[in-house]
Amino acid sequence: MRQASSSIKSTTDLSKTRVVFVSHGAPTLAIDRQHPSHQFFKQLGKQLGRPKAIVCISAHWEEQKAAVNTALAPPQIYDFYGFPDEMYQIKWTPAGSPDIAARVAEALRAEGIECRGDPKHGLDHGTWVPLHLMYPEADIPVLQLSLIDSFEPRLHFRMGKALTALVKEEDVLVIGSGLITHNLRDWRAFKKREQWAVDFDKWVEEGVTKTGKEREDHFATFKQHPLIHDAHPRVEHFVPLLPLVGVSGTGKAIKLHEHWDGSFSMAAYAFPFVTPEEDSATTSAPADEL
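Residues numbered from 1 in each chain as written. Predicted model: local features only at pLDDT ≥ 70, side-chain atom pairs only at ≥ 80, totals over all residues. Heavy atoms only, no water.

This part is about the packing of aromatic side chains. Scanning the model with the defined rule gives 14 aromatic pairs in all. Centroid distance F40 to F41: 5.3 Å. Interplanar angle 50°. Geometry classified as tilted. No difference in accessibility class separates F40 from F41, as the two residues are buried. Ring pairing ties together the aromatic residues Y78, F80, F83, Y88 and W128, which thus form one cluster. (Phe/Tyr/Trp six-rings, centres within 6.5 Å; stacked < 30°, edge-to-face > 60°. Buried < 20%, exposed > 50% of the residue type's maximum accessible area, 1.4 Å probe, protein only.)

Now the structure itself:
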């Protein structure tokens with residue numbers, strides 16, 4: 001069930017934005033050309049411009065310890081079944097970047113997070129579905145960084161902190177790809193926008209429009225949120241947001257896109273870097289002014 005949508009204005013300058021959370025939706029978003037989120041992704045790549053490389057943290061790769069794919073040519077993973085043939089005919093095969101992967105692993109280790117290189121892991125649909133719409137020519141190196149399957153929030157905040165220098169100094173785009181709400185167990189979630197979804201979505205927006213320690217504290221106890229089991233019976237689609245929360249030096253998040261498929265929130269956010277002066281100036285600004 002599709003409901004009202006809104007997206008970034010075409011005049012919004014995102015050319016220096018390099019920390020973004022997207023809700024990737026169902027795999028069929030890749031071929032559903034009338035879906036508002038399909039159109040949003042096609043616009044988003046143009047507005048972000050061309051980063052040096054892309055690191056994607058997808059809901060669909062989790063490991064006991066962090067891992068980063070080091071393949072020169074990471075394979076495209078069709079990690080779904082029973083979909084239209086057109087889905088399996090999409091070929092999107094960007095190069096990897098072993099050099100940047102090695103630096104990601106080194107940065108995580110310097111932050112006290114164990115990280116191994118994985119030369120075989122490819123790009124799952126949480127990565128290639130949005131990115132093949134954003135960058136259809138597949139001419140920007142792409143690598144994935146796994147979640148850690150404890151889903152411990154402060155560990156993932158530190159993951160984001162470790163990536164800060166690569167993002168800020170070397171023009172690497174970091175994308176967290178999941179969903180703001182994701183309940184595949186409740187049939188009602190497919191039929192209409194339930195109140196628990198609206199309330200959880202609002203709580204997320206309240207959190208990402210905070211900054212620094214206050215923002216981390218907001219999400220640090222997400223597992224105890226009274227609606228977490230409605231919004232995320234299993235939390236892997238929520239956790240890709242957490243490394244972005246931990247990237248140092250970002251200001252209040254900007255909502256880039258809002259769309260509902262039943263109770264599935266397809267919201268997307270950018271986390272722009274700000275100077276200390278800019279951050280101070282926005283601390284009292286209402287979220288709807290951003």
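Direction vectors running N to C along helix α1 (residues 36–48) and helix α4 (residues 125–134) enclose 60°, while the axes themselves pass 7 Å from each other. Taken as axis vectors, α1 and α4 run oblique relative to one another. For the pair α1 and α4, the crossing hand works out as right-handed. In this structure, α1 uses H38, F41, K42, L44, G45 and L48 to contact α4, whose residues at the interface are P130, L133 and M134. In terms of residue class, the contact of α1 with α4 is built from six nonpolar, two polar and one charged. (Axes fitted to C-alpha atoms, helices over the stretch in contact; angles between N-to-C directions. Helix = DSSP H or I, 4+ residues; strand = E, 2+ residues; numbered from the N terminus. Parallel < 35°, antiparallel > 145°, perpendicular 65-115°, else oblique. Left-handed = near helix turned anticlockwise from the far one by under 90°. Contact = heavy atoms within 4.5 Å. Nonpolar A, V, L, I, M, F, W, Y, C, P; charged D, E, K, R; others polar.)

Another aspect to go through is the side chain of H38. Note that H38 resides in helix α1. Of the residues examined, H38 reaches a relative accessible area of 4% and is grouped as buried.

We now examine the side chain of T127. Note that T127 resides in helix α4. Polar contacts involving the side chain of T127 include one to the side chain of Q144, which spans 2.9 Å. The contact partners of T127, leaving out residues within four places of it in the chain, are C56, S58, V142 and Q144. (Polar contact = N/O pair within 3.5 Å; in protein donor to acceptor, adjacent residues only side chain to side chain.)

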